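If you want the building blocks of each chain, they are given just below.
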Amino acid sequence: MLVGTDGRSRRREDTRQRLYEAAVQLIAEQGFSATTVDDIALRANVAKGTVYYNFKSKTDLFEELLRHGVGLLTEQFRAAVADLPPREALRALIRAQLEYIRRYQAFAQLLLSEMWRTNREWQQTLVLLREQAVGVIAETIQAGVDSGDLPAELDVRVASAALFGVGLVVAVDWLVFQPGRPIEDVEESLLAIVRRVA
């Protein structure tokens with residue numbers, strides 16, 4: 001049976017997804033330097049050549065993994081705030097971030113650790129990706145300032161970075177150290193912090 005272009009592209013996306021998942025698990029477990037292409041191929045249950053067919057190198061795979069992961073988070077942020085007034089949108093952003101990190105915990109831990117490293121080849125890519133995610137938060141906060149729902153003197157840039165960073169750290173802390181705590185409880189605690197700041 002012939003496989004059409006759609007079938008081939010779907011298969012390729014499925015393969016790339018398996019490679020992303022294998023890479024993020026391994027890098028979270030043993031670090032980037034210790035993780036080899038052989039390890040990734042074995043974990044993804046594909047031939048080593050399949051990794052190189054999809055990515056030029058391990059570094060390329062990791063950079064694309066960052067694009068993929070942060071891109072998903074940014075999409076979820078955009079979907080969460082669509083057509084909501086600013087205060088409701090802030091709650092929706094917090095919930096979206098917590099749900100994303102609960103679903104992709106290994107990636108979130110990896111992202112958190114990589115944001116502190118400034119000597120990596122993909123640092124510029126990570127800065128741009130972070131800007132996209134934080135940009136959605138900034139648009140929401142700016143809309144709140146413009147509508148009068150949030151204080152006029154609020155520094156939108158700092159508040160956006162703070163909300164992104166606090167959400168990431170709190171979510172990872174929750175999942176690593178308090179995994180039995182309900183997501184609603186964590187969401188309310190984060191909202192209480194945001195309300196005090198805003």
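Being a predicted model, the structure only gives us computed values, none of them experimental.

Caption draft 1: View of the overall build of the protein chain. Tallying secondary structure elements over the protein chain gives 9 helices and 0 strands in all. Ordered by position from N to C terminus, the α and β elements of the protein chain give α-α-α-α-α-α-α-α-α. Principal-axis analysis of the C-alpha atoms places the extent of the protein chain at approximately 60 × 40 × 35 Å. When each of the 198 residues of the protein chain is scored for burial, the buried share is 43%. For the protein chain, the share of sequence-separated contacts (at least 6 apart) that also reach a separation of at least 24 residues comes to 69%. As displayed, the protein chain offers around 10700 Å² of accessible surface, 53% of which is attributable to carbon and sulfur atoms. Of the charged side chains in the protein chain, 24 are positive and 27 negative, and the gap between their average positions amounts to 5 Å.

Caption draft 2: Fine view of the side chain of K58. Looking at the secondary structure, you find K58 in helix α4 (residues 58-81). Nearest to the buried, unbridged K58 among oppositely charged side chains is D39, at 7.7 Å. Polar side-chain contacts of K58 include one of 2.8 Å to the backbone oxygen of F32. When neighbours within four sequence positions are excluded, K58 is seen to be in contact with F32, S33, T35, V37 and I40.

Caption draft 3: Seen up close, the confidence of the model for the protein chain. Residues of the protein chain with pLDDT of at least 70 account for 94%, and the chain-wide mean is 88. Confidence scores differ between elements of the protein chain, with helix α6 (residues 105-115) showing the lowest mean pLDDT of 82 and helix α2 (residues 37-44) the highest of 95. Low pLDDT, under 50, characterises residues 1-5; the predicted model gives this stretch 2 contacts beyond four residues in sequence or across chains.

Caption draft 4: Structural view of the pattern of salt bridges. The full count for this structure, using the stated rule, is 13 salt bridges. Between R91 and E188 there is a salt bridge whose closest N-O contact spans 2.9 Å. Separated by 97 residues along the polypeptide, R91 in helix α5 (residues 86-103) and E188 in helix α9 (residues 183-197) bring together distant segments of the chain. A residue is classified by how much of its surface remains accessible, and R91, at 31% relative accessible area, is partly exposed. Of the residues examined, E188 reaches a relative accessible area of 36% and is grouped as partly exposed. Linking E131 and R130 is a salt bridge whose minimum nitrogen-to-oxygen distance equals 3.4 Å. A residue is classified by how much of its surface remains accessible, and E131, at 34% relative accessible area, is partly exposed. For R130, a relative accessible area of 22% corresponds to the partly exposed category.

Caption draft 5: Region of the structure containing the packing of α6 against helix α7 (residues 123-147). The geometry of α6 relative to α7 is characterised by a closest axis approach of 11 Å and an angle of 115 degrees between their N-to-C directions. The angle between α6 and α7 places the two elements in the roughly perpendicular class. The crossing of α6 and α7 is left-handed. Seen from α6, the contacting residues are L111, E114 and M115; seen from α7, they are Q123, L126 and R130. Considered class by class, the residues forming the contact of α6 with α7 number 3 nonpolar, 1 polar and 2 charged.

Rules used throughout
- Residues numbered from 1 in each chain as written.
- Predicted model: local features only at pLDDT ≥ 70, side-chain atom pairs only at ≥ 80, totals over all residues.
- Heavy atoms only, no water.
- Helix = DSSP H or I, 4+ residues; strand = E, 2+ residues; numbered from the N terminus.
- Buried < 20%, exposed > 50% of the residue type's maximum accessible area, 1.4 Å probe, protein only.
- Contact = heavy atoms within 4.5 Å.
- Areas by Shrake-Rupley, 256 points an atom, 1.4 Å probe, with all protein chains shown as cover.
- Lys, Arg positive; Asp, Glu negative; His and termini not counted.
- Charge placed at Lys NZ, Arg CZ, Asp CG, Glu CD.
- Salt bridge = Lys/Arg side-chain N within 4 Å of Asp/Glu carboxyl O.
- Polar contact = N/O pair within 3.5 Å; in protein donor to acceptor, adjacent residues only side chain to side chain.
- pLDDT = per-residue confidence, 0-100.
- Axes fitted to C-alpha atoms, helices over the stretch in contact; angles between N-to-C directions.
- Parallel < 35°, antiparallel > 145°, perpendicular 65-115°, else oblique.
- Left-handed = near helix turned anticlockwise from the far one by under 90°.
- Nonpolar A, V, L, I, M, F, W, Y, C, P; charged D, E, K, R; others polar.

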